[in-house]
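What follows is each chain in one-letter form.
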Amino acid sequence: MNSSVEQFLAARLPFPGLVAWGARLPDRTAASQSYVDWLPVSRTEQVLARLILAADSLQYHQIEPVRLCWTFEHLRFRLGLRPDGVCLMLVEQNQRDYSPAAGDSAFDDFAQVMVP
Amino acid sequence: MPAETPRRKTMLFVDDDADFLTGVKEIFSGMSSGTWDIATAENHSQALAELARQAKDVVVLDFNMPVMDGLQFLRLLRRTHPGQQVVMLTSRTDDATRTTCLDNGAALFLHKLLTPEGFEGVFSALDALAGAVPQTGFRGMMRRVDLQEVLQMECLGRKSSVLEIFAGKSRGRIFIHDGAIIHAESGALQGEVALYSLLALRGGEFNLQAFTPPPRATISGQYEFLLMEAARLSDEGTQFIQAGAAQESSAVLSSEGDAGPSEAPAPPSPAEPIVIHEVLLCSGAGEVLYEKGCSSVEQRSGLLAQIEQQAEQLSNLVPAGRFDRLEILTLGGQIICQIQPHLRLFVRGGSDGLACP
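These numbers come from a predicted model, not from an experiment.

## A few points about the overall build of chain A
Helix and strand counts for chain A stand at 3 helices and 5 strands. Taken from the N to the C terminus, the helices and strands of chain A come in the order α-β-β-α-β-β-β-α. Of all 116 residues assigned to chain A, the portion counted as buried reaches 41%.

Spelled out as structure tokens, the structure:
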């Protein structure tokens, strides 16, 4: 994984309510981490791959997403897509007092991380 | 003791046919034995001037008039003279015209028959309407009032009423019975979906009418929770659009080679009005219940089915619970795909002027 991305992730994550994250670079290298026992890292990588696949499939409907949020009863899966192919996934708890602010901020800053 | 003199009923007839107005004035003056005070106007300008001079019990409008037809004038009167009794008098008898006029607040829709029987029928209807005992309470206009506030007022007072809402081409009704919201309808939508769509409107007009039973009760639960849910949905939509503005700024910066990571992101632009471009509402079985602006209903239905399938695959990977919705932010706007057991909803919107997929 690219060092600037690693530095960004180490500095910004986790934040309260974050269950896991995953990131993928254009060269297909990926990194992920889980903060809970019930979601192993291997499963996190599968979720990331599934979300990216789902985002790609939207192009068949002439939809080009820059950010997606899959809301389930207990979890929210959020995926940010940069024009250069870098992706960041955040898995957050969907609590009653859920606020997207921390995740939004992470996505906004992630969009500016330089990836050579 | 002398008998009390009956109040003169004030009527205003608006018709571009001067001969008809002359005839009406003569005939109805005679029929009313002088108890009617009849004014006439040949166009909307004269009518507004007459109404400014003296309030009328009833305004009678012809449908076909140049410049501003009767229907347009009826809508204008709803805004400028809320509560004004307006009767449409026209030679058109088709159901569509009748329904449109009554939906727009006409008290009566009468057929213009130029026969003695026809005039008698019109006279008796207008006389009864003008003589109806006015309802107690105030009548007027409230400006810059949220629908939530009106609903809260009605529910807190344990009132029974029907709240009619008009906003552009959107219109709907919310039925309140004994302080509880029991039904809502907006176009083809009914129930809570209709309620939330009406409460999401950014502006328009409303009219509180006396309660009439709805075709069926589709909403239950306490009004506080319904209003809170409507507010939550509205807030989420606004936050997502604002996040989109920020993301759009960031994406532009990151795609420019000279812009380094230390450069501060551009502040998000103020949220512009959200314009809904497409709506598709299907039943759980896939039957289309409501559609607006969809270039291809099949394609959008297919998208909803695809998302449902993908959500199921995610659920198989992680114990996430029941799937609710997918929100998609594009550079051109926002898409929400909601999958519920009994309905599937696709909504595509964006700030006005932005190109959307």
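## Remarks on the pairing of strand β2 (residues 30-34) of chain A
When strand β1 (residues 18-24) of chain A meets β2 of chain A, the two strands line up antiparallel, connected through 5 bridges. Within β2 of chain A, the position partnered with Ala 23 of chain A by the bridge is Ala 31 of chain A.

## Notes on the interface of chain B and chain A
A common way to state how big an interface is: give the accessible area lost once the parts meet. Contacts between the two partners involve 36 residues from chain B, matched on the other side by 35 residues from chain A. Those elements that place two or more of their residues in the side of chain B that touches chain A are α8 (223-255), α9 (297-317) and β13 (323-330) of chain B. A per-element tally of the side of chain B that touches chain A places α8 of chain B first, with 9 residues. Residues that form the side of chain B that touches chain A fall into these classes: 20 nonpolar, 12 polar and 4 charged. Bridge count for strand β3 (residues 65-72) of chain A against β13 of chain B is 7 bridges, and the pairing is antiparallel. Paired with Trp 70 of chain A across the two strands is Leu 326 of chain B, which belongs to β13 of chain B.

## Overview of the confidence of the model for chain A
Low-pLDDT stretches of the model should not have their predicted coordinates read in fine detail. Confidence along chain A averages 90 in pLDDT terms, with 98% of residues attaining 70 or more. At the low end of the mean pLDDT range in chain A sits helix α1 (residues 3-12) of chain A, at 83; at the high end sits strand β4 (residues 75-81) of chain A, at 96.

## Describing the nonpolar core
In this structure, Met 89 and Val 91 of chain A together with Ile 174 and Leu 195 of chain B are the most contacted members of the largest nonpolar core, which totals 68 residues. Counting contributing residues, this core receives three or more from each of domain 2 (142-252) and domain 3 (272-357) of chain B. With near-sequence residues (within four places) excluded, Leu 195 of chain B lies in contact with Ile 174, Ile 181, Ala 184, Ile 219, Leu 226 and Ala 230 of chain B. Listed in part, the 26 residues of the second largest apolar core include Ala 47, Leu 61, Phe 63 and Ala 106 of chain B.

## Description of the environment of Ile 336 of chain B
Residue and element names in this part refer to chain B. Examined against the element boundaries, Ile 336 turns out to sit in strand β14 (residues 333-339). With 19 C-beta atoms counted inside 10 Å, the residue Ile 336 sits in the partly exposed group. In this structure Ile 336 touches Arg 325, Glu 327 and Val 347, once residues within four positions along its chain are discounted.

## Notes on the confidence of the model for chain B
When pLDDT is averaged along chain B, the result is 79, and 81% of the positions lie at 70 or above. Under the prediction, the complex receives an ipTM of 0.94, its pTM being 0.47.

## So, the pairing of strand β7 (residues 170-177) of chain B
Residues and elements named next belong to chain B. Two strands pair when backbone bridges link them, and strand β6 (residues 161-167) and β7 are joined in this way by 7 bridges, in the antiparallel orientation. The residue bridging Phe 166 from the neighbouring strand is Arg 171, located in β7. Taking the residues between adjacent antiparallel strands as the criterion, β7 and strand β8 (residues 180-186) are bridged by 2 residues, where Asp 178 takes a positive phi near 55°.

## As for the sheet that holds strand β1 (residues 9-14) of chain B
Residues and elements named next belong to chain B. Strand order in the open sheet formed by 5 strands is β2-β1-β3-β4-β5, and the pairing between neighbours is parallel. Two strands bound the open sheet, and with one partner strand each, they are β2 (36-41) and β5 (108-111). Across the sheet, the axes of successive neighbouring strands diverge by a mean angle of 20°, strand direction being ignored. As judged from the 4 bridges shared by strand β4 (residues 85-90) and β5, these two strands associate in the parallel manner. Its bridge partner lying in β5, Thr 90 is registered against His 111.

## Examining the packing of helix α2 (residues 41-57) of chain A against α9 of chain B
Following both chains from N to C, one finds α2 of chain A and α9 of chain B inclined at 175°, their axes separated by 10 Å at the closest point. Considering their axes alone, α2 of chain A and α9 of chain B lie roughly antiparallel with respect to each other. Side by side, α2 of chain A and α9 of chain B meet where Arg 43, Gln 46, Val 47, Arg 50, Ala 54 and Ser 57 of chain A of the first sit next to Gln 306, Gln 310, Gln 313, Leu 314 and Leu 317 of chain B of the second.

## A closer look at the sheet that holds β8 of chain B
All names here are of chain B. Here 5 strands make up an open sheet; going across it, the order is β9-β8-β7-β6-β10 and the pairing antiparallel. With partners counted over all chains shown, the strands left at the sheet margins are β9 (189-190) and β10 (205-210), one partner each. Across the sheet, helix α6 (residues 147-156) is in contact with β6, β7, β8 and β10; its angle to β6 comes to roughly 175°. Its contacts with the sheet place helix α7 (residues 192-199) against β6, β7, β8 and β9, and it is angled at close to 80° to β8.

## Some points on the environment of Ala 167 of chain B
Residues and elements named next belong to chain B. Counting through the fold element by element, Ala 167 comes out in strand β6. When the C-alpha atoms of Ala 167 and Leu 198 are compared, they prove to be 9.1 Å apart, with 31 residues separating the residues in sequence. Excluding anything up to four places from it in sequence, Ala 167 contacts Leu 201, Gly 203 and Gly 204.

Parameters at a glance
- The numbers attached to residues start from 1 for each chain and follow its sequence in the written order.
- Written order determines the labels here, with chains lettered from A and ligands numbered from 1.
- For this predicted model, a pLDDT threshold of at least 70 governs which residues receive local features, and a threshold of 80 or more governs which side-chain atom pairs are given and counted, while totals over whole chains, interfaces and linings are taken from all residues.
- Where helices and strands are cited, they refer to DSSP runs of H or I of at least four residues and of E of at least two residues respectively, numbered from the N terminus.
- Buried means a residue has 20 or more other C-beta atoms within 10 Å of its own C-beta, exposed means 12 or fewer, and partly exposed covers the counts in between; C-beta atoms are placed from the backbone.
- Strand pairing is assigned whenever DSSP detects at least two bridges linking the two strands.
- Any two residues are considered in contact once their C-beta atoms, placed from the backbone, lie within 7 Å.
- In this classification, Asp, Glu, Lys and Arg are treated as charged, Ala, Val, Leu, Ile, Met, Phe, Trp, Tyr, Cys and Pro as nonpolar, and every other residue, Gly included, as polar.
- The predictor attaches a confidence to each residue, called pLDDT, with possible values from 0 through 100.
- In these notes, a nonpolar core means any group of buried Ala, Val, Leu, Ile, Met, Phe, Trp, Tyr and Cys residues linked to one another through C-beta atoms within 7 Å.
- Residue ranges assigned to the domains are those given by an automatic or database domain assignment.
- Axes here refer to lines fitted to C-alpha atoms; in helices the fit is confined to the stretch in contact. Angles between the N-to-C directions go from 0 to 180 degrees.
- Each angle is binned into one of four classes, with values under 35 degrees roughly parallel, values over 145 roughly antiparallel, values of 65 to 115 roughly perpendicular, and all other values oblique.

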